[in-house]
Amino acid sequence: MKRWNVKYPNRFNLDSKEDYLKWRDEKLAAYPKDVGGLAVELGNMAAITPAERSKILETVERANMCVYTAGAAELEMSSLLALGKQLGVANTDKSSRHTQSDELTDSGILNRAIPFSTRHVNWHTDATYYGSDKTIQALFLLCKRPAVEGGSNKVLDNEVLYIHLRDKDPDALDILMNKNCFKYKNPATGEISEHLGGKVFWINTDGHLCHRFSFRKMDMAWSEDGDITAARKVLESLISDESEHVIEGRLESGMGLISNNVLHTREKLVDSDDAAKKRLLFRARFYDRVNA
Ligand SMILES: [Fe+2]
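This report concerns the structure included in the present document. Values in this document were obtained by computation on a predicted structure and should not be read as measured data.

The next point concerns the nonpolar core. Core analysis: the biggest nonpolar cluster contains 61 residues, and M65, C66, F140, L176 and I258 have the highest contact counts within it. Top contributing element to this core by residue count: strand 5 (residues 138-145), with 6 residues. Excluding anything up to four places from it in sequence, I258 contacts I56, V60, M65, C66, Y68, F140 and V290.

Compared with an ideal rise of 1.5 Å per residue, which puts 14 residues at 20 Å, helix 3 (residues 50-63) spans 20 Å between its outermost C-alpha atoms and is within 8% of the ideal. Those residues of helix 3 that fall on the buried side of the exposure criterion are I56, T59, V60, R62 and A63. Taken end-on, helix 3 shows its buried residues confined to a sector of 160°, consistent with a single buried face. Across helix 3 from its buried face, at more than 90 degrees, point the exposed residues P50 and A51. Those residues of helix 3 hidden inside the fold are in contact with helix 2 (17-30), strand 1 (39-41), strand 2 (65-69) and strand 14 (255-259). One or two positions beyond helix 3, positive phi appears at N64, with a value near 65°.

With that settled, consider helix 4 (residues 77-86). All of the buried residues in helix 4 are S79, L80, L81, L83 and G84. Buried residues in helix 4 make contact with strand 5 and strand 17 (280-286). G88 sits one or two positions beyond helix 4 and adopts a positive phi of about 85°.

Turning to the packing of helix 7 (residues 170-178) against helix 8 (residues 226-240), a few remarks are in order. The interhelical angle for the contact between helix 7 and helix 8, taken along N-to-C directions, is 110°, at an axis separation of 9 Å. What the angle tells us is that helix 7 and helix 8 run roughly perpendicular. Seen from above, helix 7 lies across helix 8 with left-handed handedness. Across the interface between the two elements, A172, I175 and L176 of helix 7 pack against D227, I228, A230, A231, V234 and L235 of helix 8. Here the residues of the contact of helix 7 with helix 8 sort into 8 nonpolar, no polar and 1 charged.

Another aspect to go through is the pairing of strand 17. Taking burial as the measure, the 7 residues of strand 17 include 6 buried ones, the bulk of the element. One ladder, built from 2 bridges, connects strand 3 (residues 103-104) with strand 17; its direction is antiparallel. Its bridge partner being in strand 17, E103 is matched across the sheet by F282. Where strand 5 meets strand 17, 7 bridges bridge the pair, whose relative direction is antiparallel. From the neighbouring strand, L141 faces strand 17, where its bridge partner is R283.

Right, let's talk about unusual backbone geometry for a bit. Look at A127: it is not a glycine, yet its phi comes out positive at around 60°. Following the sequence through the fold, A127 ends up in the loop between strand 4 (121-124) and strand 5. A positive phi angle is found at N261, which is not glycine, with a value near 50°. Of note, N261 is situated in the loop between strand 14 and strand 15 (263-266). The exposure class assigned to N261 is buried, which follows from the 25 C-beta atoms found within 10 Å.

What counts and how
- Residues numbered from 1 in each chain as written.
- Predicted model: local features only at pLDDT ≥ 70, side-chain atom pairs only at ≥ 80, totals over all residues.
- Core = buried A, V, L, I, M, F, W, Y, C linked by C-beta atoms within 7 Å.
- Buried ≥ 20, exposed ≤ 12 C-beta atoms within 10 Å, placed from the backbone.
- Helix = DSSP H or I, 4+ residues; strand = E, 2+ residues; numbered from the N terminus.
- Contact = placed C-beta atoms within 7 Å.
- Expected span 1.5 Å × (residues − 1).
- Arc of directions from axis to C-beta.
- Axes fitted to C-alpha atoms, helices over the stretch in contact; angles between N-to-C directions.
- Parallel < 35°, antiparallel > 145°, perpendicular 65-115°, else oblique.
- Left-handed = near helix turned anticlockwise from the far one by under 90°.
- Nonpolar A, V, L, I, M, F, W, Y, C, P; charged D, E, K, R; others polar.
- Pairing = 2+ DSSP bridges.

Okay, structure coming up:
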């Protein structure tokens, strides 16, 4: 393990360069080059061995995510939750949402919300709509059936995005880390919640970087303050430019993603007309994180 959190506790402090510069070089050197560098093979995701657990934690430390194979486990939600528990994450937001909303398939639920369709989903982290005090820090996926065609994901570690932003425009990063940049807007009613939303990047109590962002504006009312608008533009153009650190891969049946809610897309897909053969991924989101 690199133990960067202990070695460079000030790496996310904009007033301190020393930790940042050392960590930056180590982080970029250790960052996986492709999806193969993210892969961890498991014998049974519901009962992992100490060696498998170490490999997961080490990969998540390098990239804030890993891609795993389920092994002998059933491709069901229960296996995904069991995997989370073994990695110290168990606090899901399931009770607060639609019961089917963690089965990603072309069901058209939630007013045909985009995750439940075959359309392209632009860069985002999951669940931008919680308040700053309680946000989703981990996102896990497990693929039961892939699409007939397409449906891959692009992923980018939030910490790498932080590095790009800090190197390019530290003033913009400062604004995104310290100002309340947006409020949650109810997409059905347009009503704005004063207490939901907040910062775009922040540090949690354990010294880890948290991030949330979405190109979708239907549920995010961004502040119209000039400095926040300018910072948002810098961030959006960096994400759109898709640096060489963006990794793309498709989850096939029996594969999944463990992540600390990294930025991701979903490419558009062609699905089966047969309901029993439609693309189906299980999703779990947690208030806690891997490598806390
Ligand atoms: Fe997502």
